[in-house]
Amino acid sequence: MNVIEINNLTKTYGKSRGIIDVSFNVEEGEVFGFIGPNGAGKSTTIRTLLSLIYPTAGSAKIFGADCIKNAPEIAKEVGYLPSEVFYYDKMKVIDVLKYSASFYKKDCSKRIEDLAEIMDLDLKKRVDDLSFGNKKKVGIVQALLHEPRLIILDEPTSGLDPLMQQKFFDLLEEENKKGATIFMSSHVLSEVQRMCTRVAIIKEGRIIKLETMSNLTENNYKKFKLEINSGIDKNHFQINGVSNLELKGNIISFLYKGNVNTILKRITEIDLKNVWIEEPSLEEIFMHYYEKEA
Amino acid sequence: MNIFIREMRAHRKSLIFWSIGMLFMIVAGMGKFTSYTGSGQTMKDILDKMPKVLKAVLGFGTLDVTSASGFYGMLFLYLLIMVTIHAVMLGANIIAKEERDKTTEFLMVKPVSRFTVVTAKLTAALVNILVLNIITLVFSIAIVNQYAKGEQVNDDIFILMVGMLLAQLLFLFIGSGIAAVSKNPKVSASIATTILLVTFIIAILTDMNDKLAGLKYITPFKYFEAQQLYEGGLKPVFVVLSLVIISVMLWVTYTFYRKRDLKV
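Cut-offs and rules
- Residues numbered from 1 in each chain as written.
- Chains lettered and ligands numbered in written order.
- Predicted model: local features only at pLDDT ≥ 70, side-chain atom pairs only at ≥ 80, totals over all residues.
- Helix = DSSP H or I, 4+ residues; strand = E, 2+ residues; numbered from the N terminus.
- Buried ≥ 20, exposed ≤ 12 C-beta atoms within 10 Å, placed from the backbone.
- Contact = placed C-beta atoms within 7 Å.
- Nonpolar A, V, L, I, M, F, W, Y, C, P; charged D, E, K, R; others polar.
- Pairing = 2+ DSSP bridges.
- Axes fitted to C-alpha atoms, helices over the stretch in contact; angles between N-to-C directions.
- Domains from an automatic or database assignment.
- pLDDT = per-residue confidence, 0-100.

Brief notes about the overall build of chain A
- A count of helices and strands for chain A gives ten helices and 14 strands.
- Once the C-alpha set of chain A is aligned to its principal axes, its extents read approximately 70 × 40 × 35 Å.
- Taking all 294 residues of chain A together, 39% fall into the buried category.
- A sequence separation of at least 24 residues applies to 72% of the contacts in chain A between residues at least 6 apart.

Here it is as structure tokens:
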């Protein structure tokens, strides 16, 4: 079952671009990554899903219902962590959380305490006395306190220290095991790589790649680094499937996608000192997508 | 209901301050009454000879400011300005503040429709202006009677407060309407206050120059003048006009807030 279905979603702001013709689905139980650089349209897509803004064209469904028309109904089962969290300054953390909980027809007080303890959050402080990172923690508790079936996270880890990131990801993994679907946007690729089963890559408002994480990292790409004894022509590796080709001194490196036999034959033709064949990090694959058209 | 309670709490302090302001205005205003009556007949002579324009600027109009209710009628204009400023700012801010304080992404992703949010906020605003109106009524009756010397003032005060409530409603919804339309939450309250000041200036201009009398229909300050309320009560044409403006602005508030993109 698809928890999120996005069909040809377009949002323009006057003449400026928001997102263009975005389509993809997120299945139940998935941890779905939505990656792209700043300004690519990640937040625009998320805000349309949450019906904070309305699409210019196309539509989106959450739990099979139209995300604009049925927004209040859908919201009961959605938890959202915005990229920047702002709350009513003069309220105490506990009051913000209780106010948040009052919108859901269930008792969340136990859950608030548990989450606050895990995230090491002081409930008695006033919101305006909190640091950016601590506000983010309030946001995390606030997004999870009603045990939503769909968790939407926009740049979730900004402002959190590595220890808290770890705890937060553990928390998300736990929710995911309990059946929650997670949809997270990020430009920090390592966190997407860690958590997600599938990713959509967005660039300048358009989806340019939709792939399972394993496909993206393991099956398709290999990172080659060769140390050579004598200088060679860079064009030796200008074949189909090679990208990010770099030659620095006597080190040559590139990403390769395709039949490994082809590339290995090429490699054997030259005099090698050393060789490394690795799984590329998502960053490297990702940069490759972006640089292509730059 | 939770949004309503939240808004009531958020505006509690401001309502207390405004109430104190009203009390201060009535006490200080009526305190000057004795200086008008003290010199007896001479004051009346001076006022009779005063040019119309000067009277208009001072807010006397044709009121007999040597009687307690007449003097209160003059003071009423200032009370009216205060409560309408309160109302127009309340209306604009209560709608715009989520966007201004960037709490939109908190509140509007909750299982509530925009209709519910606007309704809860407007209800809280209505209660606020009603409380301020009743407080002004109570303070006025308590204080003006100290100066009345047997003069019957309660009925006069009461009819003024009815007019004041209508003016408050008018400006409350003008404020909320502007905030609902405006995509920039930071300027909504300023635009709303500017409209209020412009209509006030128009009201004074119409007092000063008879040729501008036709303009009285576009400024709510002329709908609820003390003189007019004392003499004939609320004029049906102005009540109808007020209700029309209120309905239109209410419609604008709901329609625009539901249809537009929220600023996040």
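Here's the deal with the interface of chain B and chain A
- With 17 residues of chain B at the interface, the matching set in chain A holds 18 residues.
- Listed by contribution, the elements that provide at least two residues to the side of chain B that touches chain A are helix H1 (2–31) and helix H6 (104–107) of chain B.
- Class assignment of the residues belonging to the side of chain B that touches chain A gives a composition of seven nonpolar, four polar and six charged.

Points about the sheet that holds strand S2 (residues 16–27) of chain A
Residue and element names in this part refer to chain A.
- The four strands lie next to each other as S2-S1-S4-S5, forming an open sheet whose pairing is antiparallel. Whereas interior strands pair on both sides, the edge strands pair on one side only; in this sheet they are S2 and strand S5 (65–66).
- Relative to S2, strand S1 (residues 2–13) runs antiparallel, the two sharing eight bridges. By the bridge assignment, Glu5 is partnered in S2 with Asn25.
- The sheet contacts of helix H1 (residues 42–49) involve S1, S2 and strand S4 (57–62), and relative to S1 the element is tilted by about 115 degrees.

Looking at the domain arrangement of chain A
- Domain annotation of chain A identifies domain 1 (2–216) and domain 2 (220–292).
- Placing a centre on the C-alpha atoms of domain 1 of chain A and another on those of domain 2 of chain A gives a separation of 37 Å.

Section: the environment of B:Met249
Residues and elements named next belong to chain B.
- The topology assignment puts Met249 in helix H12 (residues 236–259).
- In the structure, Met249 is positioned 71 residues away from Ile178 in sequence and 8.5 Å away in space, judged by C-alpha atoms.
- Non-local contacts of Met249, meaning those with residues more than four positions away in its chain, are made with Phe173, Ile174 and Gly177.

Overview of the environment of A:Lys110
- Structurally, A:Lys110 can be placed in helix H4 (residues 109–118).
- Separated by 14 residues in sequence, A:Lys110 and A:Val96 have C-alpha atoms that sit 15 Å apart.

Let's talk about the confidence of the model for chain B
- Here chain B shows a mean pLDDT of 90. Residues at 70 or above account for 96%.
- Our summary of model confidence lists the complex with pTM equal to 0.86 and ipTM equal to 0.85.

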